[in-house]
Amino acid sequence: MYYDPPMPSTVICISHTTGAGGEEIGRSLGERLGFRHVDEGILVEAARAKGIYPEAVALAESRSAGRQIEVDFGRIEKTETLRDLIRDAIATVADEGNAVIVAHAASYPLANRDGVMRVFVTAPLELRVQRVSERDGIDEKTAAKRLKESDKQRAAYLKTFYGVDEEMPVHYDLVINTDRLDHGAAVDVLAAAATA
């Protein structure tokens, strides 16, 4: 039987829960691999494609977005049109390759592409609360409320953009628990997996 080994990844999508360290890991991984780190650049790319303000595209990602959004002085676009622009921008970045895409649930629209590694970075809630409390200089009760809202927004985003009722580990190629792996070890694991 012939075994066709996986090709090295040219795009790494990193989804993460707030306080798990996904943003920092994504940035460090991009530096290690010599890849672009793309986060809010997705919104800029999407806006540029339609000649509108990035802030209008960002609004399309929020739970409070209505059916239409004012994208320029008096110019209205359907919210779903703006969401399509975000998905198209993700595909454009993937087509160009050599990128670490952090957030925007990029793992979902790129799930069936060759050369894409989908990663979920998470940690136990108690640890995330502690990290957010320390990072933002707030008490743990306030941090816990922020994380509850952040997790709720994340679930709503996946449902709205991709029809995902429940996020599952099988939606990803690798799940990194930053309670078990520190920042450096997580980057080492991901870099090794991406180049295998």
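Whatever comes next refers back to the structure up there.
Residues numbered from 1 in each chain as written. Predicted model: local features only at pLDDT ≥ 70, side-chain atom pairs only at ≥ 80, totals over all residues. Heavy atoms only, no water.

Under the criterion given, the structure shown has 12 salt bridges. For glutamate 80, the salt bridge identified is with arginine 87, shortest N-O distance 2.4 Å. Using a relative accessible area of 16% as the deciding quantity, one classes arginine 87 as buried. Linking aspartate 84 and arginine 87 is a salt bridge whose minimum nitrogen-to-oxygen distance equals 2.7 Å. With aspartate 84 and arginine 87 both in helix α4 (residues 79-96) and 3 residues apart, the pair spans about one turn of that helix. The exposure class assigned to aspartate 84 is partly exposed, which follows from its relative accessible area of 36%. Overlapping salt bridges, with partners in common, bring together Glu80, Asp84 and Arg87 in one network. (Salt bridge = Lys/Arg side-chain N within 4 Å of Asp/Glu carboxyl O. Buried < 20%, exposed > 50% of the residue type's maximum accessible area, 1.4 Å probe, protein only. Helix = DSSP H or I, 4+ residues; strand = E, 2+ residues; numbered from the N terminus.)

Moving on: the environment of tyrosine 108. Among the secondary structure elements, tyrosine 108 is positioned in the loop between β5 (99-102) and β6 (116-122). Between the C-alpha atoms of tyrosine 108 and serine 15, which are 93 residues apart in sequence, the distance is 10.0 Å. What tyrosine 108 contacts, discounting residues up to four positions off in sequence, is Leu158, Tyr162, Val164, Glu167, His171 and Tyr172. A distance of 2.9 Å separates polar atoms of two side chains, one belonging to tyrosine 108 and the other to histidine 171. (Contact = heavy atoms within 4.5 Å. Polar contact = N/O pair within 3.5 Å; in protein donor to acceptor, adjacent residues only side chain to side chain.)

We now examine the packing of aromatic side chains. Counted under the stated rule, the structure contains 5 aromatic pairs. Between the aromatic rings of tyrosine 108 and tyrosine 162, the centroid separation amounts to 5.8 Å while the plane-to-plane angle is 20 degrees, which identifies the pairing as stacked. Remark: tyrosine 162 occurs in helix α6 (residues 140-162) and tyrosine 108 occurs in the loop between β5 and β6; sequence separation between them is 54 residues. A residue is classified by how much of its surface remains accessible, and tyrosine 108, at 17% relative accessible area, is buried. Both rings, one in phenylalanine 120 and one in tyrosine 172, keep their centres 5.2 Å apart while their planes meet at 20 degrees; by these two values the pair is stacked. Here the residue phenylalanine 120 occupies a position in strand β6, and tyrosine 172 occupies one in the loop between α6 and β7 (174-177), the gap between them amounting to 52 residues. For the pair phenylalanine 120 and tyrosine 172, one class covers both residues: buried. One aromatic cluster is present, built from ring pairs that chain together Tyr108, Phe120, Tyr157, Phe161, Tyr162 and Tyr172. (Phe/Tyr/Trp six-rings, centres within 6.5 Å; stacked < 30°, edge-to-face > 60°.)

Here we take up the sheet that holds strand β1 (residues 11-16). Taken in spatial order, the 5 strands line up as β2-β5-β1-β6-β7 in an open sheet, and their pairing is parallel. Across the chains shown, the open sheet's two edge strands, defined by having one partner strand only, are β2 (36-38) and β7. Averaged over all neighbouring strand pairs, the angle between strand axes comes to 20 degrees, with direction disregarded. Pairing geometry for β6 and β7, over 4 bridges, is parallel. By the bridge assignment, threonine 122 is partnered in β7 with asparagine 177. Sheet strands touched by helix α1 (residues 22-33): β1, β2, β5 and β6. Its angle to β1, the strand with the most contacts, is close to 165 degrees. (Pairing = 2+ DSSP bridges. Axes fitted to C-alpha atoms, helices over the stretch in contact; angles between N-to-C directions.)

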